[in-house]
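Summary of structural features
Each chain, letter by letter, is given below.
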Amino acid sequence: MQRGHPLILPKTIRLESASYCQLKCPSCPTASGAIRPGVGTGHLRLDNFKKLLDDNPRITRIELSNYGEMFLNKELTKIMQYADSRGVLLTADNGVNLNTTTNEQLEALVKFKFHSLTCSIDGGSAETYQRYRIGGDFNRVVEHVKTINAFKKRYRSRYPLLTWQFIVFGFNQHEIPLAKKLAADLNMKFREKLTWDDDFSSLRDQDKLRNALGFGVSSRREYEDKYGIDYTRGNCHQLWNAPQINWDGKVLGCCRNFWGDFGGNVFKEGLTRSLNNEKISYARQMLLGKKEARPDIPCTTCDLYESMKARNKWITMEEVGLSAQALRLAYRYFGGRPLYVRLLGYLVIAKETLDIYRMRLARALRPWKQE
């Protein structure tokens, strides 16, 4: 433990289900193999998952998606079942491609009240979709969504909540209206996402996209110039409120980091000790602007940290409770003013608490018995 710093005891963590993927998306570090030195290749084991929950009963929420495809973990159904038995809410809001799965897994999503699932579908047609999701099958993904909806109807459940995430490129920009309609037909929320690779497929109509997205920008570079913060700045908050744990127990800190770990292993040394060691405690102080960069800290070479340092706009404790999406709203409507950011943070906490109690109530009232 690091003396002089308050213990980080999060109720939410991020835990990689599987660090490999069957697709070959051109800009993805998983497909290129860039993540292998820091993340490795493997999947979360059921016995480690059980031990983690048994040893840390305060955990109420776990995000299971990160650099790999969650559904490739063959123990996923049992992981969902055990989380359900412990009253732990599971999400995959970072995203899944939903190409390779089984009916058993899809039914388990509904049966064990998996809370929310974000599906990466960058197109409104098979031809457009496969331009980026190389190796993927648009029609198969849509059929899997329909299967989930059929199970939701059978079990009379609203879970999982489904989101269609659409990364905007030049080649697929024209299909945003079509994709929105398909998402509505499939009872999915629709969310556009700005690409991190402007060179892969340049936008064809930047003005139209600026108006469509509501933020008045068409790229992450424009977003930073307009609002003074990085588009994904909220990822840094994860070191406090939702630390990223690798499939093998290594502490990565945030979902963006694949360069190296912060030392410790939650499966061997325990969650509390691993999340409060000297290295990750120092990293938090760096992000607050209170410590100088150190070469052994993964944040040091991250472009998010470099942006903060260049603008002298460090993380504040008022914003730590916010996700990247909530933080973008805070800057859009309130200019990032601390009082409003803090109030929005309270609303986010209230929503997460409501999610937990709503799920527990749904479990108590469900009309079927767990096998």
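Located above this text is the structure these notes cover.
Definitions and cut-offs
- Residues numbered from 1 in each chain as written.
- Predicted model: local features only at pLDDT ≥ 70, side-chain atom pairs only at ≥ 80, totals over all residues.
- Heavy atoms only, no water.
- Core = buried A, V, L, I, M, F, W, Y, C linked by side-chain atoms within 4.5 Å.
- Buried < 20%, exposed > 50% of the residue type's maximum accessible area, 1.4 Å probe, protein only.
- Contact = heavy atoms within 4.5 Å.
- Helix = DSSP H or I, 4+ residues; strand = E, 2+ residues; numbered from the N terminus.
- Pairing = 2+ DSSP bridges.
- Right-handed = clockwise from strand over helix to strand, strands pointing away.
- Phe/Tyr/Trp six-rings, centres within 6.5 Å; stacked < 30°, edge-to-face > 60°.
- Lys NZ or Arg CZ within 6 Å of the ring centre and 35° of its normal.

**Quick notes on the nonpolar core**
One finds F49, I62, L64, L98, L117 and W164 to be the most contacted residues of the largest nonpolar core, which totals 96 residues. Excluding residues within four positions of it along the chain, L64 makes contact with L15, E16, S17, L44, M70, L76, I79, L90, T91 and F114. In this structure, V39, W247, L252 and F258 belong to the second largest nonpolar core, which totals six residues.

**Focus: the pairing of strand β4 (residues 116-120)**
Of all five residues making up β4, five are buried, and the element is well covered by its neighbours. Burial along β4 is two-sided: S116, T118 and S120 and L117 and C119, pointing in opposite directions, are all buried. Where strand β3 (residues 89-96) and β4 come together, three bridges link them in parallel fashion. Across the sheet, T91 pairs through a bridge with S116, a residue of β4. What joins β3 to β4 is helix α5 (residues 103-111), and the crossover it makes is right-handed. Taken together, the five bridges between β4 and strand β5 (residues 161-168) define a ladder with parallel strand orientation. Note that in β5 the partner of L117 across the bridge is L162.

**Considerations on the packing of aromatic side chains**
In this structure the tally under the stated criterion is 14 aromatic pairs. Geometrically, the ring pair formed by F171 and F200 is edge-to-face, given 6.1 Å between the ring centres and 85° between the ring planes. Linking F171 in the loop between β5 and α8 (176-185) with F200 in the loop between β6 (189-194) and α9 (206-213), this pair joins segments that are 29 residues apart in sequence. Look at F258 and W259: their rings are 5.2 Å apart centre to centre, the planes differ by 35°, and that puts the pair in the tilted class. For F258, a relative accessible area of 16% translates into the label buried. Take W259: its relative accessible area is 40%, and that puts it in the partly exposed class. Clustering of aromatic rings is evident, with ring pairs tying together Y129, F138, W164, F166 and F190. Of note, R294 hangs over the ring of Y282, and the distance from its end group to the ring centre comes to 4.3 Å.

**A closer look at the sheet that holds β4**
Spatially, eight strands are ordered β6-β5-β4-β3-β2-β1-β7-β8 in an open sheet, and the strand pairing comes out mixed. Taken across any chain shown, the strands that pair with only one partner, and hence form the sheet edges, are β6 and β8 (251-253). Here three bridges tie strand β2 (residues 61-63) to β3, and the two strands are oriented parallel to one another. Residue pairing across strands places R61 opposite L89, the latter belonging to β3.

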